[in-house]
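# Close look at the chain arrangement
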Protein chains: 2
Amino acid sequence: MALKLEPGSRLVVATHNPGKARELAEILERRFELVAAGDLGLAEPEETETTFVGNALLKARAAADASGLIALADDSGLSVAALDGAPGIYSARWAGPGKDFAMAMRKVEERLEEVGAEDLAAWFTSALAVAWPNGPAVVVEGRVDGTLSFPPRGDRGFGYDPIFTPQGLSQTFGEMDPAAKDAISHRARAFAKLKAALL
Amino acid sequence: MALKLEPGSRLVVATHNPGKARELAEILERRFELVAAGDLGLAEPEETETTFVGNALLKARAAADASGLIALADDSGLSVAALDGAPGIYSARWAGPGKDFAMAMRKVEERLEEVGAEDLAAWFTSALAVAWPNGPAVVVEGRVDGTLSFPPRGDRGFGYDPIFTPQGLSQTFGEMDPAAKDAISHRARAFAKLKAALL
């Protein structure tokens, strides 16, 4: 077998996050027939790894082996320099079971106040993994650097987007047009690497 | 870039274990110019992941990014069914800083006695990762099933080889001719997958 993704292939997308699924579908440009892991009745495995790529790989592997289809998974998060990279792989968990990112963004602001940090540098990371059933897997990582600002601005995007302004721009990810965000985001950069490797 | 390994490529091998390096060199059949990570002065990163593939990936990524060369890393271990998969990713750590596998094998025997296990089923797993500098990575996993026996037998191989007899055979990995072991081992199976994917 060769590590190629043929256009039109059926791909399981191992994300249970509707915002991410929408972005993945847009970035994949209808090249593939996407099937959601949830629609196949696949459970979400616990994210036990300590890195973004490790967790993406774990999710893609579980979905591929359980479904018999090639699977794509993503793991991503916000890392804050002054918080030693937190929330990082725990970005989703800071929002709790109710996925309350307003609360998670307040938590970031509070932690920055606690440590008295003036440095607002932060970056988003997106790791993508494509796994073949009982076969190999390919992983890539993309990153976008930027600055945090409070209060949150904009109701587009999802997660921590309203407090993150990418380097050289003035709008937060939460304010940006989805197409403009997709052109420069961590996820888009990871996809560019994945396409270069597999298409 | 395409995910291909051209024969003759220079590859950093991110292992500091001489036994593994020997096996990797034999299995790679002199297809590549191998450079040891230690010879490039690269430090061994801490193995913080919870899976074999996660740790192999972490080591390959670190070596590739630090050296600017394509890097190959391996993570492997023995999993004992009656011990819920232990020592697993902690296989090397059970041998301590002095790499005392005689002690590690006694520890396996003692744990089996403690739990009163009659089931001696076990398997070796080998995860391999190939990482391109600041680029994608490919991971594969190979496994060989077998049975434990005590006391250890044979002084070939390394690690837990003297207590592991592969399914359908009578010699332990420690007694087998290296070429015979290489034909069926977890590492050979992982390499077969890697070759199919990349060569």
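Placed above this text is the structure.
Below or above, wherever it landed, is the structure these notes cover.

Conventions used here
- Residues numbered from 1 in each chain as written.
- Chains lettered and ligands numbered in written order.
- Predicted model: local features only at pLDDT ≥ 70, side-chain atom pairs only at ≥ 80, totals over all residues.
- Heavy atoms only, no water.
- Helix = DSSP H or I, 4+ residues; strand = E, 2+ residues; numbered from the N terminus.
- Rg over C-alpha atoms; globule rule 2.2 N^0.38 Å.
- Contact = heavy atoms within 4.5 Å.
- Buried area = accessible area lost by both parts, 1.4 Å probe.
- Salt bridge = Lys/Arg side-chain N within 4 Å of Asp/Glu carboxyl O.
- Polar contact = N/O pair within 3.5 Å; in protein donor to acceptor, adjacent residues only side chain to side chain.
- Least-squares fit on C-alpha atoms with pLDDT ≥ 70 in both.
- Pairing = 2+ DSSP bridges.
- Buried < 20%, exposed > 50% of the residue type's maximum accessible area, 1.4 Å probe, protein only.
- Expected span 1.5 Å × (residues − 1).
- Phe/Tyr/Trp six-rings, centres within 6.5 Å; stacked < 30°, edge-to-face > 60°.

### Considering the overall build of chain A
From N to C terminus, chain A includes five helices and six strands. In chain A, the order of α-helices and β-strands from amino to carboxyl end is β-α-β-α-β-α-β-β-β-α-α. For a compact globule of 199 residues, the expected C-alpha radius of gyration is about 16 Å, and chain A comes in at 17 Å, within 12% of that figure. C-alpha extents for chain A along the principal axes are approximately 55 × 30 × 25 Å.

### Re the interface of chain B and chain A
Contact with chain B, which involves 19 residues of that partner, is made by 19 residues of chain A. Between chain B and chain A, a total of about 1,500 Å² is buried, with carbon and sulfur atoms accounting for 56% of that surface. For the pair chain B and chain A, the interface holds zero salt bridges. Linking chain B to chain A there are ten residue pairs in polar contact (both at pLDDT 80 or more).

### Concerning the relation of the copies chain B and chain A
Once chain B is rotated about the relating axis by 180° and shifted along it by 0.0 Å, it coincides with chain A to within an RMSD of 0.0 Å. Taken together, the rotation and translation relating the two chain copies correspond to the operation of a two-fold axis. Every residue of chain B has its C-alpha some distance from the rotation axis, and the shortest such distance is that of V138 of chain B, at 2.2 Å. A symmetric contact is evident, with 100% of the interface residues of chain B recurring at the interface of chain A.

### Digging into the pairing of strand 5 (residues 137-148) of chain B
The pairing of strand 5 (residues 137-148) of chain A with strand 5 of chain B spans three bridges and is classified as antiparallel. The residue bridging A137 of chain A from the neighbouring strand is V139 of chain B, located in strand 5 of chain B. Pairing analysis gives eleven bridges linking strand 4 (residues 121-131) of chain B to strand 5 of chain B, with the strands arranged antiparallel. Paired with A127 of chain B across the two strands is E141 of chain B, which belongs to strand 5 of chain B. A loop of five residues connects strand 4 of chain B with strand 5 of chain B, the two strands running antiparallel in sequence, and N134 of chain B in this loop sits at a positive phi of about 50°. With three bridges joining them, strand 5 of chain B and strand 6 (residues 164-166) of chain B adopt antiparallel strand pairing. When the sheet's bridge partners are listed, L148 of chain B is paired in strand 6 of chain B with F164 of chain B.

### As for the environment of Q167 of chain A
Residue and element names in this part refer to chain A. Examined against the element boundaries, Q167 turns out to sit in the loop between strand 6 (164-166) and helix 4 (178-184). Look at Q167 and you get exposed, because its relative accessible area is 64%. Expressed as a C-alpha distance, the spacing of Q167 and A122, which sit 45 residues apart in the sequence, is 9.8 Å. Q167 has contacts with D145 and G146, leaving out every residue within four places of it along the chain.

### Things to note about helix 5 (residues 186-198) of chain B
It helps to recall that an α-helix has 3.6 residues per turn; residues three or four apart then point in one direction. With 13 residues, helix 5 of chain B ought to run about 18 Å at 1.5 Å a step, and its terminal C-alpha atoms sit 18 Å apart, in line with that. Every buried residue of helix 5 of chain B is accounted for by H186, R187, A188, A190, F191, L194, A197 and L198 of chain B.

### Focus: the packing of aromatic side chains
All names here are of chain A. Scanning all chains against the criterion turns up eight aromatic pairs over all chains. Plain terms: the ring middles of F164 and F173 are 5.2 Å apart, the flat faces sit at 45° to each other, and that makes the pair tilted. A relative accessible area of 0% means that F164 is categorised as buried. Its relative accessible area of 0% is what places F173 among the buried residues. Here the aromatic residues F124, F164 and F173 are joined through ring pairs into a cluster of three or more.

### A short note on the side chain of T125 of chain A
All names here are of chain A. In this fold, T125 is placed in strand 4 (residues 121-131). Overall, the relative accessible area of 6% leaves T125 in the buried class. In this structure, T125 is in contact with F52, D75, S76, G77, E141, G142 and H186, ignoring residues within four places of it in sequence.

### Quick look at the environment of P136 of chain B
Residue and element names in this part refer to chain B. Along the chain, P136 falls in the loop between strand 4 and strand 5. On the basis of relative accessible area, P136 is assigned to the buried category, the value being 3%. Sequence separation between P136 and R61 is 75 residues; the distance between their C-alpha atoms is 9.1 Å.

### Digging into the pairing of strand 1 (residues 10-13) of chain A
Residues and elements named next belong to chain A. Here strand 1 pairs with strand 2 (residues 33-36) via four bridges, running parallel. Directly across from L11, in strand 2, lies its bridge partner L34. Bridge count between strand 1 and strand 3 (residues 70-80): three bridges; the pairing is parallel. Looking at strand 3, one finds that V12 is bridged to A71.

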